[in-house]
Amino acid sequence: MADSKKIKVTQTGSHIGRTEDQRATLIGLGLNKRHRSRELVDTPEVRGMINKVRHLLRIDEEAR
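Turning next to the environment of Gln 11. Locating Gln 11 in the fold gives a position in strand 1 (residues 6–11). Distance from Gln 11 to Leu 26, taken between C-alpha atoms, is 8.4 Å for residues 15 residues apart in sequence. Once residues lying within four places of it in the same chain are set aside, the contact partners of Gln 11 are Leu 26, Leu 31, Asn 32, Lys 33, Arg 34, His 35, Arg 36, Leu 56 and Leu 57.

The structure is reproduced here in structure tokens:
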């Protein structure tokens, strides 16, 4: 997995007023406050989680 492609995601929207499953998805991605960023391995599971809360995230793809 050291050669896997990474995705950088930054939370831009608040979790306040969102459904419980959207909050849990943000926590699963390692995000819980606005303007926090994480570098995640590009897998179908992570892509599905990002797709669920894409309106709250900024996605920067990085090739590694």
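What follows deals with helix 1 (residues 20–28). When helix 1 is considered as a whole, its buried residues turn out to be Gln 22, Thr 25 and Leu 26. Projected onto a plane normal to the axis of helix 1, the buried residues spread over an arc of 100° and lie on a single side. Opposite the buried face of helix 1, at more than 90 degrees from it, the exposed residues are Glu 20, Ile 27 and Gly 28.

Summarising the element assignment, Thr 43 is placed in the loop between strand 2 (37–41) and helix 2 (44–52). Residue Thr 43 is classed as buried on the basis of its relative accessible area, which comes to 19%. Polar side-chain contacts of Thr 43 include one of 3.2 Å to the backbone nitrogen of Val 46.

With that out of the way, let us pick up the nonpolar core. Judged by nonpolar contacts, Ile 7, Val 9, Leu 26, Leu 29, Leu 31, Leu 40, Val 46, Ile 50, Val 53, Leu 56 and Leu 57 together constitute the single largest core of 11 residues. Of all the elements in the fold, those that place two or more residues in this core are strand 1 and helix 2. Residues in contact with Ile 7, not counting those within four places in the same chain, are Arg 38, Glu 39, Leu 40, Asp 42, Arg 47, Ile 50, Ile 59 and Asp 60.

A word on the side chain of Thr 25. Following the sequence through the fold, Thr 25 ends up in helix 1. Side-chain polar atoms of Thr 25 contact the backbone oxygen of Asp 21, separated by 2.8 Å.

Rules used throughout
- Residues numbered from 1 in each chain as written.
- Predicted model: local features only at pLDDT ≥ 70, side-chain atom pairs only at ≥ 80, totals over all residues.
- Heavy atoms only, no water.
- Helix = DSSP H or I, 4+ residues; strand = E, 2+ residues; numbered from the N terminus.
- Contact = heavy atoms within 4.5 Å.
- Buried < 20%, exposed > 50% of the residue type's maximum accessible area, 1.4 Å probe, protein only.
- Arc of directions from axis to C-beta.
- Polar contact = N/O pair within 3.5 Å; in protein donor to acceptor, adjacent residues only side chain to side chain.
- Core = buried A, V, L, I, M, F, W, Y, C linked by side-chain atoms within 4.5 Å.

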